[in-house]
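# What the coordinates show
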Amino acid sequence: MVRTVFFDRDVAITQTSSIAGPKEGEGPLKKYYDYILKDDIIGQKSHEHAEIMMQLQCIKQLLNKAHLSQNDVDCVFGGDLLDEIIGCNFAMRELEIPFIGLYNACATFGEALILGAIMIHSDYMSKVITTTTSHYATAERQYRFPLELGSQRTPLSQWTVTGAGCSLLTKKEEVGVKVTSGTIGKVVDYGVSDANDMGAVMAPAALNTIVSHLSDTGRDETYYDLIVTGDLGHGGSRLLQILAKKEGLNLGKNYSDCGILIFNREGQDVGQGGSGACCSNLVFNAYLYKMLSQGTLKKILFVPTGALLSKVSSLQGETIPAIAHAVAIEVV
Amino acid sequence: MRLDKEQSKEYLAEIRKDMPKTKHVRTMVRAFLTGGIICCIGQGIGDAIKAIFPSMQEDEVGGFVTMMMILLTAILTGIGVYDKIGAFGGAGSIVPITGFANSIVSPAIEHKREGIVLGLCANMFSIAGPVIVFGISASVLVGIIYCFI
């Protein structure tokens, strides 16, 4: 069984673009975002429309930054958290670019990166955009309660990130930020049924993928400057470190989590940290990509994690399965 | 990949050891204060009505207070204040009639964009619905028992 695909140093991420919501714009990564929204409805008639608009503007912004027209791009791989992924589907209605819609909850961006890289590596496509979006208000409403309901958040809850981000993948031989391998995740279910405890749901999936990645590539955890998971939050990351120790992995200083990086936990009242399809995406496209292109980081293992629940499955008493995809991104 | 029941139990036991706990003393104090203040406001409105209309009966005053509290909550929910009171006060803001009003107004606001009938009206009771069902069922049951004694 092949879980890891290798891309011999020629699939490059040549440009990224990011749009962050107002709360994200007050977070620790504020100076890295391309654009920060002033409010989360941006003049649209609903938050869903705002999410669609955010997605569309993000892709347009990427095309501008890369000096490309829509015809130059072979395909967009993207998804979001809304039912029937309407965030991406409706944004793509405005564009003349072929589109493949994806859903792996918050791990969608990892899925998109791997699929995009496979397309570039196999020479079927020469320019691919990978993208995801999420919006606090639309996710709250779909998975939890109305925004104006006076309810308390549990200490384990996480804050869905509002934002959109995209990366442009192309073939390039010169030195640059390259996707060098990707490990496709398995759906892992450890029997957690608390929809607020996403960290405990996703940590085993992240561990499963990281262990497979390291054994497939013959590397150990110290090979990477940074191993960064998607949105486990503070509690989930600690849990992953404990679980990893049992497997003989030491996720210490070179480990972090996008859900931790994106918000300031004390000041912003976000529970365990950020989550959502755009959490890992925004941290990667805004922050990690810049760190890689400046040379501060050279090799990272990017592991977006997703909890694959729906409101119906939760109500019917199902436990929550999770998935994580690992993407090795290196400056080579 | 799925853990069997035994392994899953072990995993759940392990993660629960390290879970952040709700700060019970703090939440209870906040709930007590919030609930108390809401009740004081209700009492204040009742006293004011009695002072203005001395001829009003006690149960009429009660009805009036309820309506005023619901109106106040609807306005506070609409301008986005009540969710903050709820986040602070927890059960203190849910248990009084104001919590019930908030649970009807908030989905109504949220679903307004899907149309009046299938959006707003259909979803208005999505949270308060069970309360109404149980309330009506209980009152019918009590009514039947009352018939025979």
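Just above sits the structure.
On a predicted model such as this, the values are computed, not experimentally measured, just so you know.

Moving on, we get to the interface of chain A and chain B. With 34 residues of chain A at the interface, the matching set in chain B holds 35 residues. Summing both partners gives a buried area of about 2,700 Å² for chain A against chain B, and 54% of it is carried by carbon and sulfur. At the junction of chain A and chain B, the tally comes to two salt bridges. With a shortest N-O distance of 2.4 Å, A:R141 and B:E114 are connected by a salt bridge. Counting across the chain A and chain B interface gives 15 residue pairs in polar contact (both at pLDDT 80 or more). Looking at the side of chain A that touches chain B, the elements with two or more residues in it are α4 (136-143), α5 (198-217) and α6 (233-246) of chain A. Element by element, the count of residues in the side of chain A that touches chain B is highest for α6(A), at five residues. Here the side of chain A that touches chain B is built from residues that sort into 17 nonpolar, nine polar and eight charged.

This part is about the side chain of A:S237. All names here are of chain A. By the secondary structure assignment, S237 is in helix α6. Accessibility expressed as a relative area gives 4% for S237, which makes it buried. Reaching out from S237, the side chain makes a polar contact with the backbone oxygen of G233 at a distance of 2.5 Å. In this structure, S237 is in contact with L232, Y255, D257 and I260, ignoring residues within four places of it in sequence.

All names here are of chain A. Despite not being glycine, I42 shows a phi value in the positive range, around 35°. Residue I42 is classed as partly exposed on the basis of its relative accessible area, which comes to 26%. Here the phi dihedral of E84 falls at roughly 55°; this positive angle occurs in a residue that is not glycine. Here E84 is to be found in the loop between β4 (75-80) and α2 (86-92). Of the residues examined, E84 reaches a relative accessible area of 64% and is grouped as exposed.

The subject of this paragraph is the pairing of strand β2 (residues 11-20) of chain A. Residues and elements named next belong to chain A. When you tally the buried positions in β2, you get nine out of 10 residues, the bulk of the element. When β2 meets strand β3 (residues 35-36), the two strands line up parallel, connected through two bridges. For A20, the partnering residue across the bridge sits in β3 and is I36.

A few words now on the pairing of strand β9 (residues 177-183) of chain A. Residue and element names in this part refer to chain A. In terms of residue burial, β9 counts as a mostly covered element, since seven of its seven residues are buried. Two strands pair when backbone bridges link them, and strand β1 (residues 4-6) and β9 are joined in this way by three bridges, in the antiparallel orientation. Bridged to V5 within β9 is G182. With six bridges connecting them, β9 and strand β16 (residues 326-331) associate as antiparallel partners.

Attention shifts here to the packing of helix α1 (residues 47-65) of chain A against α4(A). All names here are of chain A. Look at α1 against α4: their axes get within 8 Å of each other, and the N-to-C directions meet at 130°. Taken together, the axis directions place α1 and α4 in an arrangement best described as oblique. Here the hand of the crossing between α1 and α4 comes out left-handed. Contact residues: α1 offers H47, E48 and E51, while α4 offers A137, T138 and R141. Across the contact of α1 with α4, the residue classes tally to one nonpolar, two polar and three charged.

Time to look at the packing of aromatic side chains. Residues and elements named next belong to chain A. Tallied over the entire structure, the rule returns eight aromatic pairs over all chains. Residues Y136 and W159 carry aromatic rings whose centres are separated by 4.0 Å and whose planes lie at 0° to one another, so their mutual orientation is stacked. One end of the pair, Y136, is in helix α4; the other, W159, is in strand β7 (residues 159-160), and 23 residues separate them in sequence. In terms of burial, Y136 and W159 fall into one category: buried. Put simply, the rings of F109, F284, Y289 and F302 pair up and form one aromatic cluster. The ring of W159 has K23 lying over it, and the distance from NZ or CZ to the ring centre is 4.1 Å. Above the ring of Y223, the side-chain terminus of K299 is found at 4.5 Å from the ring centroid.

Rules of the game
- Residues numbered from 1 in each chain as written.
- Chains lettered and ligands numbered in written order.
- Predicted model: local features only at pLDDT ≥ 70, side-chain atom pairs only at ≥ 80, totals over all residues.
- Heavy atoms only, no water.
- Contact = heavy atoms within 4.5 Å.
- Buried area = accessible area lost by both parts, 1.4 Å probe.
- Salt bridge = Lys/Arg side-chain N within 4 Å of Asp/Glu carboxyl O.
- Polar contact = N/O pair within 3.5 Å; in protein donor to acceptor, adjacent residues only side chain to side chain.
- Helix = DSSP H or I, 4+ residues; strand = E, 2+ residues; numbered from the N terminus.
- Nonpolar A, V, L, I, M, F, W, Y, C, P; charged D, E, K, R; others polar.
- Buried < 20%, exposed > 50% of the residue type's maximum accessible area, 1.4 Å probe, protein only.
- Pairing = 2+ DSSP bridges.
- Axes fitted to C-alpha atoms, helices over the stretch in contact; angles between N-to-C directions.
- Parallel < 35°, antiparallel > 145°, perpendicular 65-115°, else oblique.
- Left-handed = near helix turned anticlockwise from the far one by under 90°.
- Phe/Tyr/Trp six-rings, centres within 6.5 Å; stacked < 30°, edge-to-face > 60°.
- Lys NZ or Arg CZ within 6 Å of the ring centre and 35° of its normal.

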